[in-house]
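# Structural overview for review
Each chain is listed here by its residues.
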Amino acid sequence: MGTKYSLLILVIYFCNIGNQCVAKIINCGLGFYLAENMTCIDDNECGEVKATASALCGVNTECYNTFGSFYCTCKAGYFNHAGKTNFTSRTNCHDVDECLNEVEPCGPNASCNNTAGGFNCTCNGGFVSTTGEPAFTNKTQTQCQDVDECLNEVEPCGPNASCNNTAGGFNCTCNGGFVSTTGELTFTNKTQTQCQDLISFRPQTSSLQDIDLFAIQSFTSLSKLNNTNSKEFHKLVSNFLEVMEDNVLTAAHNLHHKEIMNFSSDGFDVVSQAIQNNTIPEDERSKLTTTKNSLDIGWNSVAGKESFDVAAVVFIAYKQLDSLMEANFLDSSNKETKLQLISEVVTAAVTNKDTKKLNESVILTFKNKKLNNEKAKCVYWDSSAFVWSARGCKVDKFNTTHTVCNCTHLSSFAVLMALHEIEKSDEYNLSVITMVGIILSLVCLFISILTFILCRSIKGIRTVIHTHLSVSLFLAELLFLIGISRTENKIVCAVVAGFLHYLFLACFTWMLLEGIQLYLMVVKVFNAKSLRPKYMCLFGYGFPLLVVGISAIAYPYGYGTENYCWLDLKSRFLWAFLAPVCVVIVVNAGFFIITVLRLVDKFSSLNPDMDNLKKIRAFTFTAVAQLCLLGCTWIFGMLHFQKETIAMAYIFTIVNSLQGAFIFILHCLFNKQVRDEYTKIFIGVCNLKKASKYSEFSTSSTQGLKSTHETGM
């Protein structure tokens, strides 16, 4: 076989029969060779061995034989620099980087890995292939889907933290009331970062940058808490304010004499000033101003009475804290009043330790953030009770843009907008009505109790009921008068509230027993069936005790509020009293309706026992009147829930404070037998006085006669 591209020329001698030999030339041409049978056969230049292609065409090539020739191509995934698809000269082919040449060769959330002559795909971290294969090439058949690490791991973030799944990963955030130990808002490594309680969280140093980081983390943590009306939340807020005060004051100690330092961040503005070496400036007052608020305070209030090396004042204005410290914490007699903050929350702090009662007033000016054309009041944050309070603060000036407050102590302040509150005049009037009415009721109840015990002509089961009702109401109103405002000691206040709950429930329980007794008297009018006193006492005092016991066990914090020793209104614990009262009113109303209907039926028939019926009618009248006056008055109290219903508050106060007087009128003055007894007592007292005077006259006359007789005059 000839070499490539050689021209095969052979000279062959042919001899014929006649032995004549003739020479013949055979030309097979390029790409062919002469076979033994003297025919031209195609020459397979590519050969049967794979290595032949590399030698003939170049590296990473494929050789293809053709009839009389051949051609070369690059293998799949390779290319030649000349850009030719087919070639015959030896040319090396180079790898094609599919990861660069295609747009998302593997699809989203996957990585492309180039290989010699090809590529493969692997899912990015946090993703897994839909087919379960670690590597793939066909993005239409296999995709990468997200792995939810929050579900696949047990506590991936550790305690007091929440896991948030993200595309291809996750992050951790501390729960409300907790902050990360590294200061990061989000983290992924629970071994390096933990969540600590916000109550123990402090800035790393007293530099304003670290204080700012502390404020950001604290505010983020507080904003995650849902129940902003809980005691725990109030404590966290108080702790945050106190830590801010302490650290900003510490930073202010480095200031020079009368130097003013300003600092502003996204969370707060702070202005501070200091004086040194017992030197009070001649102007005697420090005036600090932030973007929207200002403070005017005397240097004597800043320094205090003791000598000082450094006396500092700081004024902090929180830009977002008002959204968390809304007025549902207001320390007010009307806790159902709807209020809102209309200014930034600010803190005024000084190095003087005694700031509860200052000799000089502190003037604070607030820029109103919002206004509803209502009355404003100035309040401060009471860190001991964890509430807003208006004590010691008053409004000096108020307009649509600014509010000026005058306070006699230092704390965190804000302007509170009252959408409705009881006016000062109404508050004073209601307190006077309550005081006068209860004193009058106590006197009337005392007389009624003596009457029921000593008046023999009215002895009976209803008198027993009236006696216990009067005793319960007397003790309740007396305790109300002397103990309702004793909030200094929380335990004592809770005990007073519990006893008031018990005694007022006892009053309504004895009213229920009177309704049952009246019903029995009408149903068994001739037999006059009655309840037994021992069972009445067991129920009359046992049922209220059961209700109070269950209530105290279920929610012991419901007894005693910040202002009054009564049931908590915010938690709806008041229904521990109102629910039994409503039940008594409804049940007694049913008994009295049945009683009245039976009496009408009795009077319409010819009944020989008219005296007994008239007596029952009188009893029924007084009982119905008693229910209306003693029971239904609480409905007026429940109807007072907005400014337009202030009349309900007056009705409730007047009628409720005069309950003792009503009992005296209904069961004593309206009772002829009692009036007769009073008349006898009155006549007896008058006769006793006349007899006493006559006795004195007789004695004097006798002594005079005796003296005359003895002296002879």
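Residue positions within a chain follow its written sequence, with the count starting from 1. Reporting in this predicted model follows two pLDDT cut-offs: at least 70 for local features of residues, and 80 or more for side-chain atom pairs to be given and counted; totals over whole chains, interfaces and linings ignore these cut-offs and use all residues. Excluding hydrogens and water, the side-chain values take into account all heavy atoms of the structure.

The next subject is the nonpolar core. Looking at soluble globular proteins, one finds that nonpolar side chains tend to be buried together. Residues Leu-500, Phe-504, Trp-566, Leu-567 and Phe-577 are the most contacted members of the largest nonpolar core, which totals 43 residues. Secondary structure elements follow DSSP: runs of H or I of four or more residues count as helices, runs of E of two or more count as strands, with numbering from the N terminus. Taken together, the elements giving at least two residues each to this core come down to α7 (424-454), α8 (461-483), α9 (490-523), α10 (533-554) and α11 (575-604). No other element matches α9, which puts 14 residues into this core. With residues up to four places along the chain from it excluded, the contact list for Leu-500 reads Ala-476, Leu-479, Phe-480, Ile-484, Cys-565 and Trp-566. In these notes, a set of buried Ala, Val, Leu, Ile, Met, Phe, Trp, Tyr and Cys residues joined through side-chain atoms within 4.5 Å is what counts as a nonpolar core. Buried residues are those whose accessible area, probed at 1.4 Å on protein chains only, stays under 20% of the maximum for their type, while exposed residues exceed 50% and partly exposed ones sit between those limits. Note on contacts: a residue pair qualifies if any of its non-hydrogen atoms lie within 4.5 Å across the two residues.

To continue, consider the sheet that holds strand β28 (residues 402-407). At least two DSSP bridges between two strands are required for those strands to pair. Taken in spatial order, the 5 strands line up as β19-β20-β24-β28-β27 in an open sheet, and their pairing is antiparallel. Two strands close off the open sheet at either side, each with one partner strand: β19 (285-289) and β27 (393-398). Going across the sheet, the axis of each strand differs from the next one's by a mean of 15 degrees, ignoring polarity. The pairing of strand β20 (residues 293-298) with strand β24 (residues 362-367) spans 4 bridges and is classified as antiparallel. In the sheet register, Asn-293 faces β24, and the bridge partner there is Phe-366. Here an axis means a line fitted to C-alpha atoms, over the contact stretch when the element is a helix, while the angle between two N-to-C directions is reported on a 0 to 180 degree scale.

All right, on to the packing of aromatic side chains then. A pair of aromatic rings is counted whenever rings of Phe, Tyr or Trp (Trp by its six-membered ring) have centres within 6.5 Å, and the orientation is called stacked for planes under 30 degrees apart, edge-to-face for over 60 and tilted otherwise. The final tally for this structure, using the stated rule, is 16 aromatic pairs. Centroid distance Tyr-555 to Tyr-557: 6.4 Å. Interplanar angle 70 degrees. Geometry classified as edge-to-face. By relative accessible area, Tyr-555 is classed as partly exposed at 32%. An aromatic cluster is present here, built from Phe-201, Phe-214, Phe-240 and Tyr-318 joined pairwise through their rings.

Before going further, it helps to examine the environment of Cys-121. Relative to the helices and strands, Cys-121 resides in strand β10 (residues 118-123). Along the backbone, Cys-121 and Ser-111 are 10 residues apart, and their C-alpha atoms lie at a distance of 5.6 Å. Sequence-distant contacts of Cys-121, defined by excluding residues within four places in its chain, comprise Pro-105, Cys-106, Ser-111, Asn-113, Pro-134, Ala-135, Phe-136 and Thr-137.

As a further point, take a nonpolar patch on the surface. Exposure above 30% relative accessible area and the lack of any salt bridge qualify a residue for a patch; like charges then connect within 9 Å, and the nonpolar side chains Val, Leu, Ile, Met, Phe, Trp and Tyr within 5 Å. Only the protein chains shown count as cover for residues, and all accessible areas are computed by the Shrake-Rupley method using a 1.4 Å probe. Here a salt bridge means any side-chain nitrogen of Lys or Arg lying within 4 Å of a carboxyl oxygen belonging to Asp or Glu. Together, Val-432, Met-435, Val-436, Ile-439, Val-443, Phe-446, Ile-447, Leu-450, Ile-453 and Leu-454 line one region of the surface with nonpolar side chains, adding up to about 880 Å² of accessible area. Its location among the elements puts Val-436 in helix α7. Note on Val-436: relative accessible area 54%, which makes it exposed.

Of all 6 residues that make up strand β14 (residues 169-174), 5 are buried, and the element is covered over most of its length. Bridging between strand β13 (residues 161-166) and β14 involves 6 bridges; their strand directions are antiparallel. Within the sheet, the bridge partner assigned to Cys-163 lies in β14 and is Cys-172. What sits between the antiparallel neighbours β13 and β14 is a turn of 2 residues, in which Gly-168 has the positive phi angle 85 degrees.

All chains considered together, the criterion is met by 6 salt bridges. Two residues, Arg-285 and Asp-296, come together in a salt bridge whose shortest N-O distance is 2.6 Å. Placement of the pair is Arg-285 in strand β19 and Asp-296 in strand β20, with a sequence separation of 11 residues. Taking relative accessible area as the criterion, Arg-285 reaches 25% and is therefore assigned partly exposed.

Residues that lie three or four places apart on an α-helix share one face, since the helix turns once every 3.6 residues. One less than the residue count of a helix, multiplied by 1.5 Å, gives the span that helix is expected to have. For α10, built from 22 residues, the straight-helix expectation of 32 Å at 1.5 Å per residue is met to within 8% by its first-to-last C-alpha distance of 32 Å. The largest bend in α10 comes to about 25 degrees, at Gly-542, with the proline Pro-544 one to four residues further on. Listing the buried residues of α10 in full gives Met-536, Gly-540, Pro-544, Val-547, Val-548 and Ser-551. Fitting one axis to the seven residues ending at a residue and another to the seven starting there, the bend at that residue is the angle between the two axes.

Cysteine sulfur atoms are paired as a disulfide whenever they fall within 2.5 Å. Counted under the stated rule, the structure contains 12 disulfides. The closest cysteine sulfur to the non-disulfide-bonded Cys-455 is located on Cys-668, 8.5 Å from its own sulfur. Among the residues examined, Cys-668 registers a relative accessible area of 0% and is labelled buried.

In this section: the pairing of strand β9 (residues 110-115). As paired elements, β9 and β10 share 6 bridges and run antiparallel to each other. Directly across from Ala-110, in β10, lies its bridge partner Cys-123. In this structure, the hairpin formed by β9 and β10 is closed by a connection of 2 residues, where Gly-117 is found at a positive phi of approximately 85 degrees.

So, on to the packing of α8 against helix α15 (residues 659-669). Contact pair α8 / α15: the axes reach a minimum separation of 10 Å and the direction vectors enclose 160 degrees. As far as their axial angle goes, α15 and α8 are roughly antiparallel. The two elements α8 and α15 meet at a crossing, and its hand is left-handed. Counting all contacts with α8, which are made through Arg-462, His-466, Leu-469, Ser-470, Leu-473 and Glu-477, the residues of α15 involved are Gln-659, Gly-660, Ile-663 and His-667. For the contact of α8 with α15, the residue count by class is 3 nonpolar, 5 polar and 2 charged. To sort the angles, those under 35 degrees are grouped as roughly parallel, those over 145 as roughly antiparallel, those from 65 to 115 as roughly perpendicular, and the leftovers as oblique. The hand of a helix crossing depends on one turn: near helix anticlockwise from the far one by less than a right angle means left-handed, and clockwise means right-handed. Gly is put with the polar residues, along with every residue not named as nonpolar or charged; the nonpolar set is Ala, Val, Leu, Ile, Met, Phe, Trp, Tyr, Cys and Pro, and the charged set is Asp, Glu, Lys and Arg.

For the protein chain, per-residue confidence averages 78 on the pLDDT scale, and 78% of positions sit at 70 or higher. Across residues 638-645 the pLDDT falls below 50, and counting only partners more than four positions away or on other chains, this stretch makes 13 contacts in the model. For every residue, the predictor states its confidence as a pLDDT score lying anywhere from 0 to 100.

Here we come to the layout of surface pockets. The method works on a 1 Å grid over the protein atoms by themselves. A cavity is a set of points holding a 1.4 Å probe that cannot get out, a pocket is an open set with protein on both sides within 12 Å along at least five of seven lines, and residues with an atom within 4 Å of a point line them. Grid points are joined across faces, edges and corners, and a volume is the space filled by probe spheres set on the points. Approximately 1300 Å³ is the volume attributed to the second largest pocket. The wall of the second largest pocket is formed by 42 residues, among which Asn-352, Lys-353, Asp-354, Thr-355 and Lys-356 lie closest to the centre. Put simply, the parts of the chain that give the lining of the second largest pocket at least two residues each are α5 (231-252), α6 (299-303), β21 (310-318), β23 (345-350) and β25 (375-382). With 7 residues, the top contributor of residues to the lining of the second largest pocket is α5.

Turning our attention to the side chain of Ser-301. When you line up the elements, Ser-301 lands in helix α6. By relative accessible area, Ser-301 is classed as buried at 5%. Apart from residues lying up to four places away in sequence, Ser-301 is in contact with Val-350, Asn-352, Leu-358 and Glu-360.

Another aspect to go through is the packing of helix α4 (residues 208-223) against α5. It is the contact of α4 with α5, at a shortest axis distance of 11 Å, that shows an interaxial angle of 175 degrees. Taken together, the axes of α4 and α5 lie roughly antiparallel to each other. Only Phe-233, Leu-236, Phe-240, Val-243, Met-244, Asn-247 and Val-248 of α5 make contact with α4, whose side of the interface consists of Ile-211, Phe-214, Ala-215, Ser-218 and Leu-222. When the residues that make up the contact of α4 with α5 are grouped by side-chain class, the tally is 10 nonpolar, 2 polar and no charged.

Non-glycine residue Asn-160 carries a positive phi angle of around 60 degrees. Relative to the helices and strands, Asn-160 is located in the loop between α3 (149-152) and β13. A positive phi angle, near 55 degrees, is found at Asn-278, a position not held by glycine.

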